[in-house]
Amino acid sequence: MQTTALHTIVDINDFPAGILQLRCDAERMKITYANDYYYGLFGMEEEEYSSLKPDEAGLQLAYNSDFLENADKTQIKAGEEISFYFKARKKNHELTYIGVIAKLIRADGETMIFDACAQCIDWIVNRLSNYDKLTGLPKIHTLNESFAEMMNGAGEGERFAVISADFNNFKLINEKIGGEKGDEVLIAFGKAINTLAKNRGCCCRVFSDKYVMFFQYSEDEDVKGDIENLIDGFTKKLRGEFDYCNFSVSAGLYLITAPDDSNLTLFIDKANIARKNAKLAQNAQENSCMIYKEEMKNELNRAMQITAEAERAIQKREFVVYYQPKISLKTKTVIGAEALVRWKKPDGTLVPPGEFLPYLEKSSFIKEVDFYVYDDVCRCIRAELDKGKEILPVSVNVSRVHLKDDDFIEKVNALAEKYDIPPELLEFELTENAFLDDEQSAVQILKELREKGFMVSIDDFGSGYSSLNLLKSLPVDILKLDRAFFGRSDLIENNAIVVNSIIDMASRMKINVICEGVETAEQVEFLKNTECDSVQGFYYAKPIPQEEFEGFKNKFDGKGS
């Protein structure tokens, strides 16, 4: 038997590692020599190992699938190293993994001779197989094993919770901060939420930014509050570090009521349903945690169904834009309109807005619908301009989800430029509640819209509790007064005082006021007495198709419909 240089340095049978020589040709890898330690890795003597069939030894199979088939052997130079690992059965039939580092010592044509060193790497493979490479957290199958073990040992009355959590819009955030920083965020979040499970449960990263954990909790523990405090603190820190990103987390919580039931997959599914409902409730913009309730599944399925149908409907142009006229009480003329979306099915039936808008507003798809409306309005204005007709300004709604879009203003401006629409003919309405949710973003959008020449208004003004405080900082052209001030049947003097005060204050700030939701002649007379100039509501006209609106404004004589 030919020896290598290593043989002359030390007796390789005394070496504390598997030492072997390998011969590789076009078809197979063969061991030409190995020390006792190598055979001992399998619990065998040399004779026992040598008597194994080629497919039983395992080494050939590992090389056949890796080195022989995939490596370009002609590129390996003398002195270069390769590494690989293979799995095999020990004498006691236990599975083991062997790692090999081999150095090419010479090549005779297509035959290569390697000196190699081998060691058992079961612990490395176990780590790679059972733990997430990025975060170091257990993988889902390890979580299942830990859960089953804990539940089997649970005593009567012990409480357990399953949590599902992920970042909102993490893909977009990852693109902004880069993959390396994104990985750092995932690692940090894994460490943060793992603190809840430490010594009493288990936490894992399922994939991407999705995390699942379970843990035992005490009767007096506020699990939901603990989760909310954790994610609020974590995302606040991230927002401070990345002030150009809106980090937020949605979490779903399932409280296990029957500890004798150990179906973790079912529990995770329910926690996922709660998480998705939390995401919808906050429009995937803010931190939110919800506890699972049985009715959530039906609500989530309904939301998913409507969103899917809406995606199809927008492609087939089933959404249509209706216009509700705005009337001047002083000049008795139509001074503008509000564009409102309606869903017209192929059979001609109209889906009431209340049956689809609330669901779309809870998802990011409402942004697609909004821009569908913006495009249709701009197209109609352009058509009227081309005909030389008098054009009245049209208001459109801005859903709250747009507040977090960095490119919203750019997209709106591009649309106006596409149709060559004078910006003053478009009015963008934000509800007062949008300011209560995120005043800074809302005010910034208003400022940027006005800088581009667009009109801006606050819808449902007076429905919130901080309306007057907001006025001092709002760069706004129009206030749409909420009908709460004049919608009651017993219209009283105090209401008139409040409305007059708002109108007077707005006038001093050079802000116009329009009262919406006007439905009766009594309300019209009441508003006339308050010096209100403009109104909008069913008393004069319901939302109507664009063609009907053109006829309405031409024939309007100042009387109710």
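Structural data are supplied above this passage.
By convention here, each chain's residues receive numbers from 1 onward along its written sequence. With the structure being a predicted model, the display of local features is reserved for residues of pLDDT at least 70 and the display and counting of side-chain atom pairs for 80 or more, all residues being used for whole-chain, interface and lining totals. No hydrogens and no water enter the side-chain calculation; it runs on all heavy atoms of the structure.

Trainee: Help me understand a negative patch on the surface in this model?
Mentor: In this scheme, patches are assembled from residues that exceed 30% relative accessible area and form no salt bridge. Like charges are connected within 9 Å, while nonpolar side chains (Val, Leu, Ile, Met, Phe, Trp, Tyr) are connected within 5 Å. What sets the accessible areas is the Shrake-Rupley method with a 1.4 Å probe; for residues, cover comes only from the shown protein chains. The working definition used for a salt bridge is a side-chain nitrogen of Lys or Arg within 4 Å of a carboxyl oxygen of Asp or Glu. Counted charges follow a simple rule, with Lys and Arg positive, Asp and Glu negative, and His plus the chain ends left uncounted. In this description, the location of a charge corresponds to atom NZ of lysine, CZ of arginine, CG of aspartate or CD of glutamate. Together, D14, D36, E45, E46 and E47 give the surface a local cluster of negative charge. Where helices and strands are cited, they refer to DSSP runs of H or I of at least four residues and of E of at least two residues respectively, numbered from the N terminus. Its place among the elements puts D36 in helix 1 (residues 36-40). The buried label applies to any residue whose accessible area, calculated with a 1.4 Å probe on protein chains only, is under 20% of its type's maximum; exposed applies above 50%, and partly exposed to all values in between. Overall, the relative accessible area of 44% leaves D36 in the partly exposed class.

Trainee: Would you explain the pairing of strand 17 (residues 478-481) in this entry?
Mentor: Consecutive residues of a regular strand have side chains that alternate between opposite faces of the sheet. Here strand 17 shows no split at all, with I478 and K480 on one side and L479 and L481 on the other all buried. Note: two strands are recorded as paired if DSSP finds a minimum of 2 bridges between them. Two elements, strand 16 (residues 455-461) and strand 17, share 3 bridges in a ladder whose sense is parallel. Residue pairing for strand 17: I458 is matched across the bridge by L479. Here strand 17 pairs with strand 18 (residues 512-516) via 4 bridges, running parallel.

Trainee: Help me understand the packing of helix 11 (residues 264-281) against helix 12 (residues 295-315) in this model?
Mentor: In a pair of packed helices, the angle between the axes and the distance between the axes together describe the arrangement. At a closest axis distance of 10 Å, the pairing of helix 11 and helix 12 adopts a crossing angle of 55°. One way to sum up the angle between helix 11 and helix 12 is to call them oblique. At the point where helix 11 passes helix 12, the crossing takes the left-handed sense. Of the residues in helix 12, those in contact with I273, A274, K276, N277 and L280 of helix 11 are M296, K297, E299, L300 and A303. Counted by class, the contact of helix 11 with helix 12 contains 6 nonpolar, 1 polar and 3 charged residues. Working convention: axes come from line fits to C-alpha atoms, limited for helices to the stretch in contact. Angles between N-to-C directions cover 0 to 180 degrees. Working rule for angles: under 35 degrees goes down as roughly parallel, over 145 as roughly antiparallel, 65 to 115 as roughly perpendicular, anything else as oblique. Throughout, a crossing is termed right-handed when the near helix is turned clockwise from the far one, and left-handed when it is turned anticlockwise from it by less than a right angle. Contact definition: two residues touch when any of their heavy atoms are within 4.5 Å. Here the term charged refers only to Asp, Glu, Lys and Arg, the term nonpolar to Ala, Val, Leu, Ile, Met, Phe, Trp, Tyr, Cys and Pro, and the term polar to all other amino acids, Gly among them.

Trainee: Looking at this model, I keep getting lost on the pattern of salt bridges. Mind explaining?
Mentor: It is possible for side chains of opposite charge to pair when their charged atoms get near one another. Tallying each qualifying case throughout the model produces 31 salt bridges. Across the pair R106 and D108 runs a salt bridge whose closest N-O atoms are separated by 3.8 Å. Here D108 falls in the partly exposed class, since its relative accessible area comes to 48%. Residues K389 and E384 are paired through a salt bridge, measuring 3.6 Å at the closest nitrogen-oxygen approach. Ionic contacts of the salt-bridge type, sharing partners, join the residues K326, E338, E427, E429, K480 and E516 into one network.

Trainee: Just to check I follow, could you spell out the sheet that holds strand 2 (residues 29-34) for this structure?
Mentor: Note on sheets: strands pair through backbone hydrogen bonds, and any given pair is parallel or antiparallel. Across the sheet, 5 strands lie side by side as 2-1-5-4-3; this open sheet has antiparallel pairing. With partners counted over all chains shown, the strands left at the sheet margins are strand 2 and strand 3 (81-89), one partner each. Between one strand axis and the next, the sheet turns through 35° on average, direction left out of account. Bridging between strand 1 (residues 18-24) and strand 5 (residues 111-120) involves 7 bridges; their strand directions are antiparallel. Its bridge partner being in strand 5, L20 is matched across the sheet by A116. Strands strand 3, strand 4 (95-108) and strand 5 of the sheet are contacted by helix 6 (residues 122-130), whose axis makes an angle of about 115° with strand 4.

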